[in-house]
Amino acid sequence: MSRRIGSVFATEAMSSSVEKYPAATRSHAIATQSGGQALRLMSRRLWSSGSRRLLAPEYLCESMLVPFGELDWEVAFYHLSPRLTLDVSSIDSLVREPEVTVVLAPEYFGSRLNPLTHAALCHLRRNGCRIIEDWTHSVLANEREPIDLAFASLRKTLPVGDGSLVWGMHAQLEPTSGPGLLMWEAMDLLALGCDPATLDAARVAARAAEDAFFVELEPARMSDRTEFALAVMPWAFMIGARRKNARVLADEISSFPVVNGENGPDVPSHLVIQASDPVTLQRRLAERGIFCPIHWPRPPQLPVHIEFRKDLLSIPIDHRYNADDMRFVANAVNACHE
Ligand SMILES: Cc1ncc(COP(=O)(O)O)c(C=O)c1O
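In this text the structure is predicted, and so the values were computed from the model without any measurement.

A.B. asks: I'd like a description of the overall build of the chain, backed by residues and values.
C.D. replies: On a plain count of helices and strands, the chain comes out with 10 helices and nine strands. The dimensions of the chain, computed from C-alpha atoms along their principal axes, are 55 × 45 × 35 Å. Taking the intrachain contacts of the chain between residues at least 6 apart in sequence as the baseline, contacts between residues at least 24 apart amount to 69%.

This is the structure we're talking about:
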């Protein structure tokens, strides 16, 4: 095992053969710098057309809520299934006046809406609800039309410094220098440097970029560098590698339940496992050079009566890794058995 496993991307050499972006053709999408900016754009648009109540999943990251904070949304939280898919009856029970209601519907960790959930959301849309699908974790899935609006923050699953796409609406955005270029700088440093000073500089730049992404929510255009990277990305290879890595890892992990195992044609973003103490597991894996994110810390906006899952750890399974890497990770995970 010669390299480390982790979720922060370095700049990569891309393919020269142009393949079509799988989630939808780019020409139909608005390109912003971040998912937060995409959400702010949609929040403003929906508010100006009369929406007032937001139904959000009870498990989510703070950056999915903050963009709505500038307006006076009434926010309610619906349940998710143990596998983090949508619980339609919980959503239904919270809809009072459909014509002022927006449902934020994520496809967590790459699991696409199942046909029944998709039909239920289409039904809500026909009754007047607005739907925002969050495709951040399912950007590599097969193309399908959004039910209403959809967006995907790209840098969570792809080697790009910035970028989010929004489907289902139109807007003209101005370019800014923004945090995206700083994140690209961090990725360049990661790609260049094996020496500790360069890696440290990369970490500092990445942290500064993350902090800036969190607060720079005025919608602005995706960087040209990301536009170019999307045009030359080896999509088929990336999709194949994710599916295979997830399968190998899920097969080899024997000590912790897998939350989002292989699921038909879906393309997982991570392999998520359930552990009673994910923080300790995260630390023990980091000691072996395996860096796994915990999605997510509890957002401070969440009302205290809402239970928040604290038993999940996400393992990177992307195209940078192969089956041997996954076996190495599985052995390490199994060795940390509680
Ligand atoms: C599922 C999901 N949606 C949206 C966002 C917001 O995206 P961004 O960080 O690009 O603002 C995140 C960020 O972590 C996310 O994980």
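A.B. asks: Now, about the nonpolar core: what can you tell me, with residues and values included?
C.D. replies: If you look at soluble globular proteins, the nonpolar side chains tend to sit buried side by side. Membership of the largest hydrophobic core comes to 79 residues, with the highest contact counts inside it found for Val103, Phe151 and Leu249. The element best represented in this core is helix H1 (residues 35–48), accounting for five residues. What Val103 contacts, discounting residues up to four positions off in sequence, is Leu55, Ile91, Leu121, Leu124, Cys129 and Ile131. Ranked by size, the runner-up nonpolar core spans 13 residues in total, among them Phe9, Met183, Trp184 and Met187.

A.B. asks: How would you summarise the pairing of strand S6 (residues 149–153) if you had to cite specific residues and measurements?
C.D. replies: The two faces of the sheet receive side chains in turn, since in a regular strand these alternate between them. Counted residue by residue, S6 has five buried out of five residues, so it is predominantly covered. Residues Leu149, Phe151 and Ser153 of S6 are buried on one face, and the alternating residues Ala150 and Ala152, pointing to the opposite face, are buried as well.

A.B. asks: Account for the site of the ligand, naming residues and giving values.
C.D. replies: In the neighbourhood of the ligand, 14 residues make up the surrounding shell, with Ser34, Gly35, Gly36, Thr136 and Ser153 lying closest. Only H1 and helix H2 (62–65) provide two or more residues apiece to the shell around the ligand.

A.B. asks: Kindly report on unusual backbone geometry, identifying the contributing residues and their values.
C.D. replies: The general pattern is negative phi for most residues beyond glycine and trans for most peptide bonds. With an omega of 0°, the peptide bond running from His295 to Trp296 counts as cis. One can find Trp296 in the loop between helix H9 (278–286) and strand S9 (312–316). Its identity is not glycine, yet Leu84 carries a phi of approximately 70°, on the positive side. Tracing the backbone through its elements, the reader meets Leu84 in the loop between strand S3 (74–78) and helix H3 (88–94). Even without being a glycine, Phe109 presents a positive backbone phi close to 55°. Topologically, Phe109 is positioned in the loop between strand S4 (101–106) and helix H4 (115–126).

A.B. asks: Break down the packing of helix H5 (residues 178–192) against helix H6 (residues 196–215) for me, with residues and values.
C.D. replies: Where H5 meets H6, the closest approach of the two axes is 8 Å, and the angle between their N-to-C directions is 160°. Classified by the angle between their axes, H5 and H6 sit roughly antiparallel to one another. Between H5 and H6 lies a crossing whose hand is left-handed. Contacts between H5 and H6 involve Pro179, Leu182, Met183, Glu185, Ala186, Leu189, Leu190 and Leu192 on the former and, on the latter, Thr198, Ala201, Ala202, Ala205, Ala206, Ala208, Ala209, Ala212 and Phe213. Grouping the constituent residues of the contact of H5 with H6 by class yields 15 nonpolar, one polar and one charged.

Reading guide: rules and limits
- Residues numbered from 1 in each chain as written.
- Predicted model: local features only at pLDDT ≥ 70, side-chain atom pairs only at ≥ 80, totals over all residues.
- Helix = DSSP H or I, 4+ residues; strand = E, 2+ residues; numbered from the N terminus.
- Contact = placed C-beta atoms within 7 Å.
- Core = buried A, V, L, I, M, F, W, Y, C linked by C-beta atoms within 7 Å.
- Buried ≥ 20, exposed ≤ 12 C-beta atoms within 10 Å, placed from the backbone.
- Near = placed C-beta within 6 Å.
- Axes fitted to C-alpha atoms, helices over the stretch in contact; angles between N-to-C directions.
- Parallel < 35°, antiparallel > 145°, perpendicular 65-115°, else oblique.
- Left-handed = near helix turned anticlockwise from the far one by under 90°.
- Nonpolar A, V, L, I, M, F, W, Y, C, P; charged D, E, K, R; others polar.

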